[in-house]
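Given next are the chains, with one letter for each unit.
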Amino acid sequence: MSYRQEYPRPQLVRNEWVNLNGTWDFAFDDQNMGRQQKWYLNNSEAFQKKINVPFAYQSKLSGINDPSFHDHVWYKREFTVPATWKDQRVIVHFGAVDYRAWVYVNGQLIGSHEGGHISFSFDITDALTWENETMVVLVEDPSTDETIPRGKQFWIEKSDAIWYTRTTGIWQTVWLEPVSSTRISKLKLTPDIDRGDIIVEFDVLGEFANKKVNIEISFKGELVVKDTIEVLEAYNKRAINLYNQHIFRTGFHHNGWNWTPETPNLFDLNITLSDADRQLDEVTSYFGMRKIHTENGMVYLNNKPYYQKLVLDQGYWPDGLLTAPTDEDLKKDIVLSKEMGFNGCRKHQKVEDPRFLYWADQLGFLVWGECAASPWYSEDAAARLTREWIEIIERDYNHPSIVVWVPVNESWGVPFIRDNKQQQHHSLAMYHLIHSLDPSRLVISNDGWELTRTDICAIHNYNHGNKDEKAKYEVYKEELSTKETILRSQPALRGIYANGFENQGEPILLTEFGGIGYKAGEDSGWGYTSVKNAEDFVADYRRVMEAVYASKVLHGYCYTQLTDVEQEINGLLAYNREPKCDLKLIRDINDMWQDSIIKG
């Protein structure tokens with residue numbers, strides 16, 4: 001059975017493509033001898049295993065299900081390219097490969113990539129025979145290296161505490177695409193709701209002179225814009241007005257044509273590139289008119305205060321680990337979250353599959369994008385994180401659901417940031433780098449504590465205690481109650497801001513808390529507090545949320561967490577996504593009235 005057959009790049013769609021997911025030949029190379037022995041030259045004897053791509057060998061769905069360390073692995077498969085593609089360039093795309101990859105086609109090294117969480121591609125045209133082709137991929141994933149971005153992937157062999165099974169190698173879709181040598185590239189879509197414009201930017205690769213670009217924008221099936229550009233340079237930019245002096249298209253009286261979780265309005269975009277007598281390229285995309293900013297201690301969505309009710313989402317599945325078994329599984333997590341009354345999620349220590357972002361755009365679900373952290377700080381670690389963030393923003397910029405970027409979490413990768421100037425500079429560098437690449441979104445410098453310059457004061461506090469620890473609960477409630485008490489708190493024995501930094505009026509959100517442990521199935525494990533049945537689970541959830549909603553300073557939250565993961569049983573859902581209680585009861589609690597306007 002071939003999994004994950006849906007189109008993998010929803011923000012830039014072309015009609016023709018070939019999916020290479022399915023059964024590949026596979027080999028462990030524990031002695032790291034494969035390159036010396038030239039396994040890339042179609043050495044069939046070396047490839048004694050089979051693997052189901054795009055699942056990592058540690059997962060059940062891979063067909064191998066081996067959680068032990070194997071730092072060097074090889075993939076091989078044969079394929080054919082449609083003969084109708086012969087007059088085009090052929091690109092191979094990898095959704096994500098953890099951590100370093102070298103790609104060979106018919107024995108030729110095509111290219112390499114470092115970074116385990118983002119997409120990359122190579123032009124393989126000149127290596128093709130146009131008969132039976134062979135692709136070989138070598139992957140290196142240093143299991144114990146604490147200076148590479150690894151997130152929740154544990155550097156010790158057995159999962160423990162808050163760390164999980166590793167993901168090595170290919171873990172998102174591999175696919176082929178034919179493209180013209182002259183084509184659309186680097187499509188960038190920036191909404192400006194204050195002017196009613198969508199800013200369309202793109203490059204024309206190849207021979208751009210005397211070409212024409214036609215742009216069509218539709219809203220709910222109705223054509224609203226049709227424009228033609230005479231291409232004079234490779235880079236092109238246009239501001240296209242969509243409101244066109246219609247007040248009900250704006251957010252003045254209601255949400256109008258704008259994108260929100262409650263009204264996830266999307267525009268369809270079609271771009272064609274042609275010369276005098278033929279079409280060279282056609283791409284389709286979509287966008288939402290959405291603005292995010294902060295003001296008066298609050299987060300504003302489309303120029304109105306918006307109270308975020310987020311859930312922490314690790315993005316793990318029992319049989320696929322970081323890879324969702326199906327596209328429907330990605331959608332299901334959003335549907336279940338919204339059913340419980342959450343309007344968004346913080347993807348935790350994971351750059352999520354673009355298909356998840358597609359469903360967040362379509363269904364109306366805010367996303368805080370976060371990258372995997374390295375456990376340790378070094379100059380190499382800083383450089384690696386920087387490179388990944390550049391690639392993340394280039395790939396995911398156009399998704400309206402993403403409203404916040406989180407480059408650092410709980411001082412992971414900067415363990416001495418409290419008073420270490422070098423690590424503080426790294427946090428500041430990431431904050432300013434991301435803003436330099438994407439001025440349209442908010443950036444959190446260090447989600448949890450020891451913040452430097454930041455757009456949101458994001459605080460983690462699990463100190464609510466069990467229901468019989470009444471004094472502890474009262475302290476928790478008091479700490480959350482006002483700006484003064486929350487900024488003085490040290491919930492993990494760490495200050496909210498690093499030395500030399502303080503709150504500059506940015507909104508304060510409680511971005512990790514709860515984590516109530518409840519064993520609803522066969523899995524045993526832990527939570528930050530624990531209960532024994534569904535009734536107590538709901539009651540404890542209400543108790544924790546009452547403390548949050550009583551706060552006069554919090555302008556949103558992110559509850560820990562959506563699902564159980566391996567030994568963690570602190571999810572609202574079990575690891576297999578079975579609800580632990582009637583989800584309507586969770587929604588009723590999330591929907592409790594709270595004053596969403598910060599007064600002071």
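In case you missed it, the structure is sitting above this.
Residues numbered from 1 in each chain as written. Predicted model: local features only at pLDDT ≥ 70, side-chain atom pairs only at ≥ 80, totals over all residues. Heavy atoms only, no water.

Thoughts on a nonpolar patch on the surface
Stated precisely, the cut-off is as follows: Each patch is built from residues lacking any salt bridge and having more than 30% relative accessible area; the joining distance is 9 Å for like charges and 5 Å for nonpolar side chains (Val, Leu, Ile, Met, Phe, Trp, Tyr). Here the accessible surface of atoms and residues is derived via Shrake-Rupley with a 1.4 Å probe, and residues count as covered only by protein chains that are part of the display. We define a salt bridge as a side-chain nitrogen of Lys or Arg found within 4 Å of a carboxyl oxygen belonging to Asp or Glu. A run of DSSP states H or I qualifies as a helix once it reaches four residues; a run of E qualifies as a strand once it reaches two. Both are numbered from the N-terminal end.
Among the surface-exposed residues, Ile247, Phe248 and Phe252 lie close enough to one another that they form a single nonpolar patch of about 360 Å² accessible area. Within the secondary structure layout, Phe252 lies in the loop between strand 17 (235-241) and strand 18 (267-274).

Brief notes about the sheet that holds strand 14 (residues 197-205)
Hydrogen bonds between backbone groups are what pair the strands of a sheet, and the pairing can be parallel or antiparallel. What counts is decided by this rule: A pair of strands is treated as paired once DSSP finds two or more bridges between them. Between N-to-C directions, angles span 0 to 180 degrees; the directions come from axes that are lines fitted to C-alpha atoms, helices contributing only their stretch in contact.
If you trace the 3 strands from one edge of the open sheet to the other, you get 13-14-17, paired in antiparallel fashion. Looking at which strands have only one partner, the edges of the open sheet turn out to be strand 13 (183-192) and strand 17. Between one strand axis and the next, the sheet turns by 20° as a mean value, whatever way the strands run.

Here's the deal with the environment of Asp203
Basically, it comes down to this: Contacts were defined at the residue level, with two residues in contact if any of their heavy atoms lie within 4.5 Å.
Relative to the elements of secondary structure, Asp203 occurs in strand 14. Residues Asp203 and Val231, spaced 28 residues apart in sequence, show a C-alpha to C-alpha distance of 9.9 Å. With near-sequence residues (within four places) excluded, Asp203 lies in contact with Arg183, Ile184, Ser185, Lys186, Ala234 and Tyr235.

A look at the pairing of strand 8 (residues 108-114)
The side chains of a regular strand alternate, residue by residue, between the two faces of the sheet. Summarising the sheet, strand 7 (residues 100-105) and strand 8 pair through 6 bridges and their orientation is antiparallel. If you follow Tyr104 over to strand 8, its bridge partner there is Leu109. The hairpin formed by strand 7 and strand 8 contains 2 residues between the paired strands, and Asn106 there has a positive phi angle of roughly 50°.

Digging into the packing of helix 5 (residues 470-481) against helix 7 (residues 534-549)
Geometrically, a packed helix pair is captured by the angle between its two axes and the distance between the axes. Stated formally: Ten residue types, Ala, Val, Leu, Ile, Met, Phe, Trp, Tyr, Cys and Pro, are classed as nonpolar, four, Asp, Glu, Lys and Arg, as charged, and the remainder, Gly among them, as polar.
Orientation of helix 5 relative to helix 7, taken along the N-to-C sense of each, is 30°, at an axis distance of 8 Å. When helix 5 is examined against helix 7, the residues Tyr473, Tyr476, Lys477 and Leu480 are found in contact with a partner set consisting of Arg543, Val544, Glu546, Ala547 and Val548. Considering only residue class, the contact of helix 5 with helix 7 consists of 6 nonpolar, no polar and 3 charged.

Quick notes on the environment of His254
What counts here: Side-chain atoms alone can form a polar contact between residues adjacent in sequence; in general such a contact is a pair of N or O atoms within 3.5 Å, and within protein one must be able to donate a hydrogen while the other accepts it.
Among the structural elements, His254 can be located in the loop between strand 17 and strand 18. Taking C-alpha positions, His254 is 29 Å from Arg355, a pair spaced 101 residues apart along the chain. Residue contacts for His254: discarding those within four places in its chain leaves Phe248 and Lys304. Within the structure, His254 has its side chain in polar contact with the backbone nitrogen of Gly256 (distance 3.0 Å).

What to know about the packing of aromatic side chains
Selection criterion: Stacked, edge-to-face and tilted labels apply to pairs of Phe, Tyr and Trp rings (six-membered ring for Trp) whose centres lie within 6.5 Å, assigned for plane angles under 30 degrees, over 60, and everything in between, in that order. For a lysine, the NZ atom is tested; for an arginine, the CZ atom; a charge sits over a ring if that atom is within 6 Å of the ring centre and within 35 degrees of the ring normal.
The final tally for this structure, using the stated rule, is 37 aromatic pairs. Look at Tyr358 and Trp359: their rings are 5.0 Å apart centre to centre, the planes differ by 70°, and that puts the pair in the edge-to-face class. Taken together, the ring pairs connect Tyr307, Phe513, Tyr541, Tyr549, Tyr557 and Tyr559 into an aromatic cluster. Over the face of the ring belonging to Phe47 we find Lys76, whose NZ or CZ atom lies 5.5 Å from the ring centre. Here Lys188 stacks its cationic end above the ring of Tyr397, 4.7 Å away from the centre of that ring.

Some details on the sheet that holds strand 10 (residues 133-140)
Reading across the sheet, the 6 strands line up as 3-2-4-10-7-8 and stay open at both edges, with antiparallel pairing between neighbours. Edge positions in the open sheet fall to strand 3 (49-53) and strand 8, since each of these has one partner strand only. For this sheet, the mean inter-axis angle between neighbouring strands, taken without regard to orientation, is 25°. Sheet topology note: the strand 2 (residues 22-28)/strand 3 ladder contains 5 bridges and is antiparallel. Residue pairing in the sheet places Gly22 in a bridge with Val53 of strand 3.

A closer look at unusual backbone geometry
Heads up, the rule is: We call a residue buried when its accessible area falls under 20% of the maximum for its residue type, exposed when it is over 50%, and partly exposed in between, using a 1.4 Å probe and counting protein chains only.
A cis geometry characterises the amide bond from Asp98 onward to Tyr99, with omega recorded as 15°. Along the chain, Tyr99 falls in the loop between strand 6 (97-98) and strand 7. Notably, Leu321 is not glycine yet its phi reads approximately 55°, a positive angle. Within the secondary structure, Leu321 sits in the loop between strand 23 (308-313) and helix 1 (327-339). Look at Leu321 and you get buried, because its relative accessible area is 4%. For Glu566, which is not glycine, the phi torsion reads 50° and is therefore positive. Topologically, Glu566 is positioned in the loop between strand 32 (554-559) and helix 8 (583-590). Under the relative-accessibility criterion, Glu566 is labelled buried at 19%.

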